[in-house]
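Given next are the chains, with one letter for each unit.
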Amino acid sequence: MTDTGVEQAGDERGDTPRPWWADPGTWGAIALIALGGLAAAWVTFRLPGTPDKSAPAYYWAAKSIAFGLVLLGTTLLGHRHARATRGR
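Residues numbered from 1 in each chain as written. Predicted model: local features only at pLDDT ≥ 70, side-chain atom pairs only at ≥ 80, totals over all residues. Heavy atoms only, no water.

Asks: Would you mind showing me how to read the overall build of the protein here?
Replies: Summing up its helical and strand segments, the protein has two helices and zero strands in all. Expressed as a percentage of the 88 residues in the protein, the buried residues total 16%. The contacts of the protein with a sequence gap of at least 6 include a subset with a gap of at least 24, amounting to 64%. Accessible area for the protein stands at about 7300 Å²; split by element, carbon and sulfur atoms hold 65% of it. (Helix = DSSP H or I, 4+ residues; strand = E, 2+ residues; numbered from the N terminus. Buried < 20%, exposed > 50% of the residue type's maximum accessible area, 1.4 Å probe, protein only. Contact = heavy atoms within 4.5 Å. Areas by Shrake-Rupley, 256 points an atom, 1.4 Å probe, with all protein chains shown as cover.)

Asks: Got a minute to help me understand the side chain of Thr75 in this structure?
Replies: With respect to the element layout, Thr75 can be found in helix α2 (residues 55-86). For Thr75, a relative accessible area of 11% corresponds to the buried category. Polar side-chain contacts of Thr75 include one of 2.7 Å to the backbone oxygen of Leu71. (Polar contact = N/O pair within 3.5 Å; in protein donor to acceptor, adjacent residues only side chain to side chain.)

Asks: Sorry if this is basic, but what is going on with a nonpolar patch on the surface here?
Replies: On the surface, Trp42, Phe45 and Leu47 cluster together into a nonpolar patch covering about 320 Å² of accessible area. We classify Phe45 as exposed; its relative accessible area is 62%. (Patch = residues over 30% accessible without salt bridge, like charges linked within 9 Å, V, L, I, M, F, W, Y side chains within 5 Å. Salt bridge = Lys/Arg side-chain N within 4 Å of Asp/Glu carboxyl O.)

Asks: Got a minute to help me understand the environment of Thr26 in this structure?
Replies: Locating Thr26 in the fold gives a position in helix α1 (residues 25-44). Among the residues examined, Thr26 registers a relative accessible area of 24% and is labelled partly exposed. Look past the residues within four positions of Thr26 in its chain and what remains in contact with it is Leu72, Thr75, Leu76 and His79.

Asks: Before we go on, may I ask you to explain the side chain of Thr50 in this structure?
Replies: When you line up the elements, Thr50 lands in the loop between α1 and α2. A distance of 2.5 Å separates a polar side-chain atom of Thr50 from the backbone oxygen of Leu47. Beyond its immediate stretch of four places on either side in the chain, Thr50 contacts Trp42 and Val43.

Asks: Quick question: what am I supposed to make of α2 here?
Replies: Since the α-helix advances by 3.6 residues per turn, residues separated by three or four positions end up pointing in the same direction. Here α2 is 32 residues long and its end C-alpha atoms lie 46 Å apart, about the 46 Å a rise of 1.5 Å per residue gives. Those residues of α2 that fall on the buried side of the exposure criterion are Ala57, Ala61, Ser64, Gly68, Leu71, Leu72 and Thr75. Elements that come into contact with the buried residues of α2 comprise α1. (Expected span 1.5 Å × (residues − 1).)

Asks: Honestly, the packing of aromatic side chains in this entry has me stumped. Any pointers?
Replies: Note on aromatic pairs: each is described by the distance of the centres and the angle between the planes. Applying the stated criterion across every chain yields a total of one aromatic pair. Centre to centre, the rings of Tyr59 and Trp60 are 5.2 Å apart; their planes meet at 75°, and the pair counts as edge-to-face. For Tyr59, a relative accessible area of 47% translates into the label partly exposed. (Phe/Tyr/Trp six-rings, centres within 6.5 Å; stacked < 30°, edge-to-face > 60°.)

Asks: Is there a simple way to explain unusual backbone geometry in this structure?
Replies: Most peptide bonds take the trans form, and the phi angle of most residues other than glycine is negative. Of note, the phi angle at Arg46 is positive, near 50°, even though the residue is not glycine. Tracing the backbone shows Arg46 in the loop between α1 and α2. Arg46 sits in the partly exposed class, given a relative accessible area of 49%.

As far as function goes, none of this settles anything; it's purely spatial.
Shown next as structure tokens:
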């Protein structure tokens, strides 16, 4: 089967659709990092609602921070790449 009759996704400018994880953007990434830091501090200081076993709570806090950092890095690199492409 050939793809000659298949229309490519995107708009008139040739932009391709962004992946789902690119939607939150810079502020979403910063919010995830802050939320993970807040969760880690909550568990560290044993505030109300802290689980008896703290390892899973630290795991989810670290996972949130790591995902936020990856999202922030890819968003900033995407902005940098778009700015460099526009300058040509």
